[in-house]
Amino acid sequence: MRFFSLFLLTVFPLMALAGPVSAMTSSDPFPVHSSMRPNVEFWKKIYSKYPSTKGVLHDRNNLDIIYEIIDLKPHGQGSRNINSKRVKKAKKRYQAILDKLARGKAPSTGDERRIYAMFGPNPKRHAFRQARNDIRSQTGQKDRFLAGVKRSGKYLERIKDILRNEGIPEDLAYLPHVESSYNYEAYSKFGAAGIWQFTRSTGRNYMQVDYVVDERRDPIVASHAAAKFLKKNHKLLGSWPLALTAYNHGPNGMLRAKKAKGSYARIFDEYNGKRFKFASRNFYACFIAARHVAKQHRRYFGNISLDRPVQYHTVEMEGYVPIARICDFFHVGVDEIKRVNPALRPPVFSGQKYIPKGYELCLPGKAQKMARMSSALPSSLFEKRQKRSKFYRVQRGDTAGKIARRHRVSVNELVVANSLGRRATIYVGQNLRIPGLGEKATVLASAATGKRQRWAEPSMASLGKKVLAKATAQEGARLAVRSLAKWRPQANPHGLVAAPEEDTPVLSLVARAEKKVVGPVENMVVAQAETVVVDIPGPASPLVAEVPPVAPLVLEDMDEPQIPAAMPEVGGGVLRR
């Protein structure tokens, strides 16, 4: 009995000592501090309650304060201006009420009493004065988030496996809901791409990003990169709240914040860094909310079906190979190859470039059949070198017809190679890609049926509407790329970014070009530019083709509702690092 008592006295202290350690190691790596709970609840409502046809007018700092839910016009022609006016009108109304309360006048109307009560018992006049300048509008995301939850079914489990294998929490797989709402084609006006929204500079540290292949667009490759990036952030900063916030704010920025305040809770409550604004402060709360809603999607959206996981077989290319030969050999269509190889860029599918050597090509269909066929790939299928690119800079007086004859190619090939559109409008200073010898202006529409179609991209004729010049035509100034990259979103609404590409010279995009027909040759038109040009590296048509689809900025620091310019299905927040 005495021995048993000694045993209990010895063991229980050890158990008590070990208990808290065990609990600590098994605790949630994503803690929610009490001061951030209102923010988490706010974003839950944005993701699960309010669709993109609703604007939530709220206080920027106290997300418990919601003034009004505004009706927004669905995405379409003129909707942005209409919605902006509605938001401004509502803001002015509430600013007037807050001004009255700030002057110490008693609330007299129902709205005034409602707003007065939001600030607690016996609020100070300066609180109303401060709130007047902190009214913000947030577009609802329920419909876009729901679409993202459905899309996530294609890759969610594989992404969780990647994260687990990297030794980090699998719940990080819900971060793309905040970044892109799992839109695999998402491309932001800041130049970020894919479900993880890597910028070029960060993406190139982990992936291949160039004119032929952009692995940021491949959900699996990009997930491997995101796992490494997040793991690096965690090692540097010591906690997942800090590591996740660094995904938006940048690791160096969070190091400064940690040095100033220490813990994430104090950073959230007290840090007022120059660039630590609404988006950065709310990024972690957004993740917590998105994780909650996505994991409990049936509670919020009913019995929905997620997209089926994508099935394919991969084979490494032993040399450079045209897309047409691959489609012929495996009896698959171009669209099928595109669907499972999102990293391959348009020049590959238009025939301007070969699938590069060493690329792991995904083949749709039954894995056993594709494995058997890929094991018998003949060496004659491959080329020894990549197809070279040749460019010509448009001069005053040029036409598409003249340029085509000068370089001994057909006008049709020149038009398709540069996505010039039906009128083949070109601009002075524009760099045109000259198709290689024997390169045709067609691609396989379906290898199985033998049908062919022209590869069409958006017309360059609308370029003048997509570029904003900071200088006037009379000054004849040229803006450096570094200056353009620093423009605020309001000054650079179309999100033009420096996007250097391989094998390409500098491209001049004409801003507000004054188009003049100087001589119809073979029904082609040349526009003479009398205004400013902006130098941006990269090929003409791919860059312009990628700019318009802009994902909505859920957390961008703007007063007007964030309605996407040309991507109604995209949800979530595309947040720049």
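Structure report, in brief.

**Regarding the pairing of strand S8 (residues 431–434)**
The alternating pattern of S8 places Asn 431 and Arg 433 and Leu 432 and Ile 434 on opposite faces, both of which are buried. Pairing analysis gives four bridges linking strand S6 (residues 390–393) to S8, with the strands arranged antiparallel. Paired with Arg 393 across the strands is Asn 431, a residue of S8.

**Let's talk about the packing of helix H11 (residues 240–249) against helix H14 (residues 278–295)**
Viewed as axis vectors pointing N to C, H11 and H14 meet at an angle of 125°, and their least axial separation amounts to 9 Å. By the angle between their directions, the pair H11 and H14 is classed as oblique. Note that H11 runs across H14; the crossing there is right-handed. Residues Pro 241, Leu 244, Thr 245, Tyr 247, Asn 248 and His 249 of H11 form the contact with H14, whose participating residues are Ala 279, Ser 280, Phe 283, Tyr 284 and Phe 287. Taken together, the residues of the contact of H11 with H14 sort by class into seven nonpolar, four polar and no charged.

**Focus on the pattern of salt bridges**
Scanning the entire structure with this criterion turns up 19 salt bridges. Linking Lys 54 and Asp 71 is a salt bridge whose minimum nitrogen-to-oxygen distance equals 2.3 Å. Of the two residues, Lys 54 sits in strand S1 (residues 54–59) while Asp 71 sits in strand S2 (residues 66–71), which places them 17 residues apart along the sequence. A relative accessible area of 26% means that Lys 54 is categorised as partly exposed. The exposure class assigned to Asp 71 is partly exposed, which follows from its relative accessible area of 46%. Across the salt bridge formed by Asp 214 and Arg 216, the nearest N and O atoms sit 2.8 Å from each other. Among the residues examined, Arg 216 registers a relative accessible area of 1% and is labelled buried. If you follow the salt bridges from partner to partner, you end up with Asp 28, Asp 171, Arg 291 and Lys 295 in one network.

**Thoughts on the nonpolar core**
Trp 43, Tyr 47, Leu 172, Leu 175, Trp 196, Tyr 247 and Phe 287 are the most contacted members of the largest nonpolar core, which has 69 residues in total. Ranked by residues supplied to this core, first place goes to H14 with eleven residues. Counting residues in each nonpolar core, the second largest holds 25 residues, with Ile 326, Leu 363, Leu 377 and Leu 381 among its members.

**Side note on the packing of aromatic side chains**
Throughout the structure, instances matching the rule amount to 21 aromatic pairs. Plain terms: the ring middles of Phe 30 and Trp 240 are 6.4 Å apart, the flat faces sit at 55° to each other, and that makes the pair tilted. One end of the pair, Phe 30, is in the loop between helix H1 (2–25) and helix H2 (37–48); the other, Trp 240, is in helix H11, with 210 residues separating them in the sequence. Each member of the pair, Phe 30 as well as Trp 240, carries the same accessibility label: buried. Ring geometry for Phe 30 and Phe 287: centres 5.1 Å apart, planes at 65°, overall edge-to-face. In this pair, Phe 30 is assigned in the loop between H1 and H2 and Phe 287 in helix H14, connecting sequence segments 257 residues apart.

**Considering the environment of Ala 225**
Structurally, Ala 225 is set in helix H10 (residues 219–237). Residues Ala 225 and Trp 196, spaced 29 residues apart in sequence, show a C-alpha to C-alpha distance of 9.2 Å. Ala 225 has contacts with Phe 198, Tyr 206 and Met 207, leaving out every residue within four places of it along the chain.

**Topic: the sheet that holds S2**
What the three strands build is an open sheet, ordered S2-S1-S3; its pairing is antiparallel. The open sheet terminates on both sides in strands that have one partner only, identified here as S2 and strand S3 (135–139). Across this sheet, the average inter-strand angle for adjacent strands is 25°, counted without regard to direction. Pairing geometry for S1 and S3, over five bridges, is antiparallel. Across the sheet, the residue bridging to Val 56 is Gln 138, located in S3.

What counts and how
Residues numbered from 1 in each chain as written. Predicted model: local features only at pLDDT ≥ 70, side-chain atom pairs only at ≥ 80, totals over all residues. Heavy atoms only, no water. Buried < 20%, exposed > 50% of the residue type's maximum accessible area, 1.4 Å probe, protein only. Helix = DSSP H or I, 4+ residues; strand = E, 2+ residues; numbered from the N terminus. Pairing = 2+ DSSP bridges. Axes fitted to C-alpha atoms, helices over the stretch in contact; angles between N-to-C directions. Parallel < 35°, antiparallel > 145°, perpendicular 65-115°, else oblique. Left-handed = near helix turned anticlockwise from the far one by under 90°. Contact = heavy atoms within 4.5 Å. Nonpolar A, V, L, I, M, F, W, Y, C, P; charged D, E, K, R; others polar. Salt bridge = Lys/Arg side-chain N within 4 Å of Asp/Glu carboxyl O. Core = buried A, V, L, I, M, F, W, Y, C linked by side-chain atoms within 4.5 Å. Phe/Tyr/Trp six-rings, centres within 6.5 Å; stacked < 30°, edge-to-face > 60°.

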